[in-house]
Amino acid sequence: MRLKNKVAIVTGGARGIGQAVSELFAKEGATVIIVDLLAQGQEVADGINNNKGTAEYHAVSVTDRPAIEQLFKQVNDQHGKIDILINNAGITRDRTLEKMSEEEWDAVIDVNLKGVFICTQAAVPYMKSNKYGRIVSAASNVGLRGNFGQTNYAATKAGVIAMSKTWTVEFGKHGITANAIAPGFTMTDMVKKIPEEHFETIKASIPLKTVAQPIDIAYGYLYLASDEAKFISGICLTIDGGVSR
Ligand SMILES: NC(=O)c1ccc[n+]([C@@H]2O[C@H](COP(=O)([O-])OP(=O)(O)OC[C@H]3O[C@@H](n4cnc5c(N)ncnc54)[C@H](O)[C@@H]3O)[C@@H](O)[C@H]2O)c1
């Protein structure tokens, strides 16, 4: 098992890519702490616990600093450490620049960027004291390439890549790595609202002619969160079927 005895916090672990990461990490021996607002996070945790894994669900928003700080302290007190932080929670509020409201801008910045800032700030002291840490955060290939109607989202995902590079130089000496993952189009609730005809155009534009399933992205998280990736920090691993090349 590649994550035996590790304690991993997964934000946005109730569904989609975060659920796949939570289930895969548990299968690989980690104790998984799911942080999400959706009550179905409890079902994901129950499923893991019924399948010989160990998981907890906590209904906390990544934007709620006092609640995140309290939760991470509780995790450290109960489990003795925080080895892995997966900053996966994210939202979209798509609109072209000319139509985008400040509320839509702020909502996406709050969760996708400030949420990553808050959670990482809360986890790093525990990682430092343990001289070990793996921080892997959700970027997107949109953060590398931009995308129609996603000014707010693209800004946050480029920001996540830049923050990871910054943490690489700030925390490398403490045994902490910080990397980002840039998924391409992945079949989750986040993209299910896209109309069928647009979906076919997207598929045709991907060199591998298919979209990702959440597990395809989760394997990237597993690698960067594992001991095997101990000399990798500051990268953005693109998993997008060959779109970004
Ligand atoms: N699906 C894709 O095509 C795709 C592509 C590139 C990047 N990503 C990124 O991967 C991550 C996961 O995406 P997904 O497709 O699984 O999305 P999803 O919408 O299926 O899941 C996101 C999860 O984050 C949770 N969440 C949202 N706001 C939260 C908050 N404030 N606090 C705690 N949890 C919160 C949601 O409740 C949900 O469970 C996101 O950061 C997304 O931007 C997704």
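Residues numbered from 1 in each chain as written. Predicted model: local features only at pLDDT ≥ 70, side-chain atom pairs only at ≥ 80, totals over all residues.

A. A look at the overall build of the protein chain. What the protein chain contains, in helices and strands, is nine helices and seven strands. Against the 2.2 N^0.38 benchmark of 18 Å for 245 residues, the protein chain shows a C-alpha radius of gyration of 17 Å, consistent with a compact globule. Dimensions of the protein chain, computed from the C-alpha atoms along their principal axes, are close to 50 × 35 × 35 Å. Each of the 245 residues in the protein chain was classed as buried or not, and the buried ones make up 45%. Sequence-distant contacts in the protein chain: of pairs separated by 6 or more residues, those separated by 24 or more amount to 70%. (Helix = DSSP H or I, 4+ residues; strand = E, 2+ residues; numbered from the N terminus. Rg over C-alpha atoms; globule rule 2.2 N^0.38 Å. Buried ≥ 20, exposed ≤ 12 C-beta atoms within 10 Å, placed from the backbone. Contact = placed C-beta atoms within 7 Å.)

B. Structural context of the site of the ligand. Around the ligand, the surrounding shell holds 29 residues, and the nearest of these are Gly12, Gly16, Gly90, Thr188 and Met190. Elements that contribute at least two residues to the shell around the ligand include exactly α1 (16–27), β2 (31–36), α4 (102–130) and α7 (189–192). Taken together, the residues of the shell around the ligand break down into 14 nonpolar, 12 polar and three charged. (Near = placed C-beta within 6 Å. Nonpolar A, V, L, I, M, F, W, Y, C, P; charged D, E, K, R; others polar.)

C. Here's a closer look at the nonpolar core. Ala8 and Ile9 are the most contacted members of the largest nonpolar core, which totals 69 residues. Examining the composition of this core, we find that 10 residues originate from one element, α4, more than from any other. (Core = buried A, V, L, I, M, F, W, Y, C linked by C-beta atoms within 7 Å.)

D. Representation of the sheet that holds strand β5 (residues 133–138) in the model. Taken in spatial order, the seven strands line up as β3-β2-β1-β4-β5-β6-β7 in an open sheet, and their pairing is parallel. Across the chains shown, the open sheet's two edge strands, defined by having one partner strand only, are β3 (54–59) and β7 (236–239). For this sheet, the mean angle separating the axes of adjacent strands, direction not counted, is 15 degrees. Alignment of β2 against β3, held across six bridges, turns out to be parallel. Pairing of Val32 across the sheet is with Ala55, part of β3. In this fold α4 packs onto β1 (7–11), β4 (84–87), β5 and β6 (176–183), with an angle of close to 175 degrees to the strand it touches most, β4. (Pairing = 2+ DSSP bridges. Axes fitted to C-alpha atoms, helices over the stretch in contact; angles between N-to-C directions.)

E. Local environment of the pairing of β2. Of all six residues making up β2, six are buried, and the element is well covered by its neighbours. Of the two faces of β2, both are covered, the one formed by Thr31, Ile33 and Val35 as well as the one formed by Val32, Ile34 and Asp36. Bridge count between β1 and β2: five bridges; the pairing is parallel. Across the sheet, Ala8 pairs through a bridge with Val32, a residue of β2. Between β1 and its parallel partner β2, the chain crosses via α1, and the hand of that crossover is right-handed. Since β2 and β3 lie parallel, the crossover through helix α2 (residues 40–49) that links them has a hand, and here it is right-handed. (Right-handed = clockwise from strand over helix to strand, strands pointing away.)

F. Looking closely at the pairing of β6. With respect to burial, β6 is a largely interior element, eight of its eight residues being buried. By the alternation rule, side chains of β6 split into Ile176, Ala178, Ala180 and Ala182 and Thr177, Asn179, Ile181 and Pro183, which are all buried. Sheet topology note: the β5/β6 ladder contains six bridges and is parallel. If you follow Arg134 over to β6, its bridge partner there is Thr177.

G. View of the environment of Val62. When you line up the elements, Val62 lands in the loop between β3 and α3 (65–79). Using a count of 26 C-beta atoms within 10 Å as the deciding quantity, one classes Val62 as buried. Along the backbone, Val62 and Ala30 are 32 residues apart, and their C-alpha atoms lie at a distance of 21 Å. The residues contacting Val62, other than those within four sequence positions of it, are Thr11, Val35, Ile68, Ala89, Val111, Gly115, Ile118 and Cys119.

H. Region of interest: α3. For α3, spanning 15 residues, the distance from its first C-alpha to its last is 21 Å, which sits close to the expected 21 Å at 1.5 Å a residue. By the burial criterion, the buried members of α3 are Ile68, Leu71, Phe72 and Val75. Along the axis of α3, the buried residues cluster in a sector spanning 95 degrees; they form a single face. Facing away from the buried side of α3 by more than 90 degrees, the exposed set consists of Pro66 and Asp77. (Expected span 1.5 Å × (residues − 1). Arc of directions from axis to C-beta.)

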